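Understanding the architecture of this molecule
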Amino acid sequence: MVVEYVKEHFGIETPFSALLERSSRLMEAPYRRGLPPKDGALAYLARLRARGVKTVICTATPSRLMMIALNKANMISNLDFIYSTDMLGGSKADPAFYDGLCALIGEKKEDCVMFEDALYAMKGAREAGLGVIGITDDTNERDREAILAICDQVIDSFDELE
């Protein structure tokens, strides 16, 4: 999404794949240092796993960076499935994307709840028929009203959930 925005708004003609590779290289150092998970995310994942709830991550972050971040945050052991949009193809903005994702994890869309901080993905998941819990932070402050309108629930921290 960021690369597409930059290309469109700044008239850059560099191929998308080259821009994506360059942005991934620039992001690697912070990912290797470790990015903090959302507040309460690790404890919430552990609570879900203890209850036997299937846990899945599907991010738009390139898969190589995603695995670095999940490993650094010690999250992998609390996830049943780990996907990135570059592994699956498609976009989280597209409601059809969730058909394939739910088929892969063996669940009906109406039985799934997506926790999301990106408005475009919240819209796609809602249109697909998933439950949506919005996670607010500094990056989506300008979208707060739209997030409140789309989501079943909006949280600032996973600590707000049982």
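Now for a quick tour of the structure. (Residues numbered from 1 in each chain as written. Predicted model: local features only at pLDDT ≥ 70, side-chain atom pairs only at ≥ 80, totals over all residues. Heavy atoms only, no water.)

1. Topic: the overall build of the chain
Test applied: Helical segments are the DSSP runs of H or I of at least four residues, strand segments are the runs of E of at least two, and each set is numbered from the N terminus. The buried label applies to any residue whose accessible area, calculated with a 1.4 Å probe on protein chains only, is under 20% of its type's maximum; exposed applies above 50%, and partly exposed to all values in between. Accessible areas in this description were obtained via Shrake-Rupley with a 1.4 Å probe; residue shielding takes into account the shown protein chains only. Here the positive residues are Lys and Arg and the negative ones are Asp and Glu; neither His nor the chain ends is included. Note that the charge is assigned to NZ on lysines, CZ on arginines, CG on aspartates and CD on glutamates.
Scanning the chain for helices and strands turns up 8 helices and 5 strands. In terms of overall dimensions, the chain has a C-alpha envelope of 50 × 35 × 30 Å along the principal axes. Taken across its 162 residues, the chain has 38% of its residues classed as buried. For the chain, the exposed surface amounts to about 9500 Å²; the carbon and sulfur share of it is 54%. Across the chain, 19 positive and 26 negative side-chain charges occur, with their mean positions spaced 6 Å apart.

2. So, the sheet that holds strand S4 (residues 131–135)
The line we're drawing: Two strands make a pair as long as DSSP finds a minimum of two bridges between them. Axis angles are defined between N-to-C directions and span 0 to 180 degrees, where every axis is a line fitted to C-alpha atoms and, for a helix, only to the segment in contact.
Overall, parallel pairing links the 3 strands, which are arranged S3-S4-S5 in an open sheet. The open sheet terminates on both sides in strands that have one partner only, identified here as strand S3 (113–116) and strand S5 (153–155). The average undirected angle you get between the axes of adjacent strands in this sheet is 20°. Across 4 bridges, the pairing between S3 and S4 is parallel.

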